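Read off the chains here:
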There are 2 protein chains.
Amino acid sequence: MKIHNFKYHERGLNRFFGPLEAKIMNILWDSSELAIKDVQAKLDQDQTKPLNFNTVMTVMNRLVDKGFLTKRTEGRTGLYQPMVSRDDFLENQSKELTHELIEEFGPLVVNHMLDALEEVDVDLIAMLEQKIKALKKDN
Amino acid sequence: MKIHNFKYHERGLNRFFGPLEAKIMNILWDSSELAIKDVQAKLDQDQTKPLNFNTVMTVMNRLVDKGFLTKRTEGRTGLYQPMVSRDDFLENQSKELTHELIEEFGPLVVNHMLDALEEVDVDLIAMLEQKIKALKKDN
DNA sequence: CACCTCACACTACTTATTGTAGTTACCTGT
DNA sequence: ACAGGTAACTACAATAAGTAGTGTGAGGTG
């Protein structure tokens, strides 16, 4: 259940997964518990070329091996669902990445932080300010 | 000259490069301009098993192809040096990563920021505070 | 001038990751 | 007992990274 790479030039889940893996995780996170063919059907909705059942199965089982999905067998049908919720996943990843980044680059990150926040969403700077204030009050 | 991956569970340059690539970059960054055999010699200092000359050459030339090293031919001997300084490299990477992280996770990162700073180096929080103050004064 | 050596180029094999898909085996309901 | 669907097993392609063999060319030395 460990992500190893954060890909710079991708977006969203593609930063953590391969493109097909990412689509599958998204589908599973948007549903409760699905069989392979359900996932395949959903994938085929925005794909022009239908995906081979076995392709979907292989990738899903690999995701199970890696600990991102859990599999439950009901009769002969496997039912898959994510190990953790999307929110938890993103929470964990952002936390881990933030820590790694600070650990690795401490001062450099602080230097770039405000620029980045300004560019993306200035309100986040206010949010950060609040958090610092709150932290100081606690001590 | 683009790094594609940031590896979570490595340290230092190994986050950006393969292990041998990282050692080579380090050696080149600690020297001015080196030939392959010089790099090989330095690598063999902390390696128990000496590295094949061709191995070192292949990896160095790949680093040239990727744009991390430049190569200059003096007579028949190729001389290699990093495209940018170690500081610039780390500066660029930390900047890019910080931006990507904020772009992807904005509020989540802000949430984890202070924790991370506290754990690694509390002085960095003061530094961040200063930067926010300076920013507000500018506007 | 012939040759030997060294540095380089070219090529290839290995492992791991991800996407892809064929073949085979098995189970279940009819 | 069989058909159809589900799953397991196996394999192949591409990419990245580490490793290394073979071939080539240029220069100094006898």
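As the structure is a computational prediction, the values presented were derived from the model and not from experiment.

A. Region of the structure containing the environment of Trp29 of chain A. Residues and elements named next belong to chain A. Inspection of the secondary structure puts Trp29 in helix α1 (residues 19-30). Each C-alpha atom, one on Trp29 and one on Met60, is 13 Å from the other, the two residues being 31 residues apart in sequence. Of note is the side chain of Trp29, whose polar atom sits 2.8 Å from the backbone oxygen of Val84.

B. Layout of the interface of chain A and chain B. Across the boundary between the two partners, chain A contributes 51 residues, which contact 53 residues of chain B. Here chain A meets chain B over a buried area of about 5,400 Å², counting both sides, of which 69% is carbon and sulfur. Taken together, the links from chain A to chain B amount to 8 salt bridges. Where Arg15 of chain A meets Glu100 of chain B, a salt bridge forms, and the shortest distance between an N and an O atom there is 2.7 Å.

C. The arrangement of the nonpolar core in detail. Residues Phe16, Phe17 and Ile24 of chain A together with Phe16, Phe17 and Ile24 of chain B are the most contacted members of the largest nonpolar core, which totals 82 residues. Ignoring any residue separated from it by four or fewer positions in sequence, one finds Phe17 of chain A in contact with Ile3, Lys7, Ala22, Met25, Leu63, Phe68 and Phe89 of chain A.

Scoring rules and cut-offs
Residues numbered from 1 in each chain as written. Chains lettered and ligands numbered in written order. Predicted model: local features only at pLDDT ≥ 70, side-chain atom pairs only at ≥ 80, totals over all residues. Heavy atoms only, no water. Helix = DSSP H or I, 4+ residues; strand = E, 2+ residues; numbered from the N terminus. Polar contact = N/O pair within 3.5 Å; in protein donor to acceptor, adjacent residues only side chain to side chain. Contact = heavy atoms within 4.5 Å. Buried area = accessible area lost by both parts, 1.4 Å probe. Salt bridge = Lys/Arg side-chain N within 4 Å of Asp/Glu carboxyl O. Core = buried A, V, L, I, M, F, W, Y, C linked by side-chain atoms within 4.5 Å. Buried < 20%, exposed > 50% of the residue type's maximum accessible area, 1.4 Å probe, protein only.

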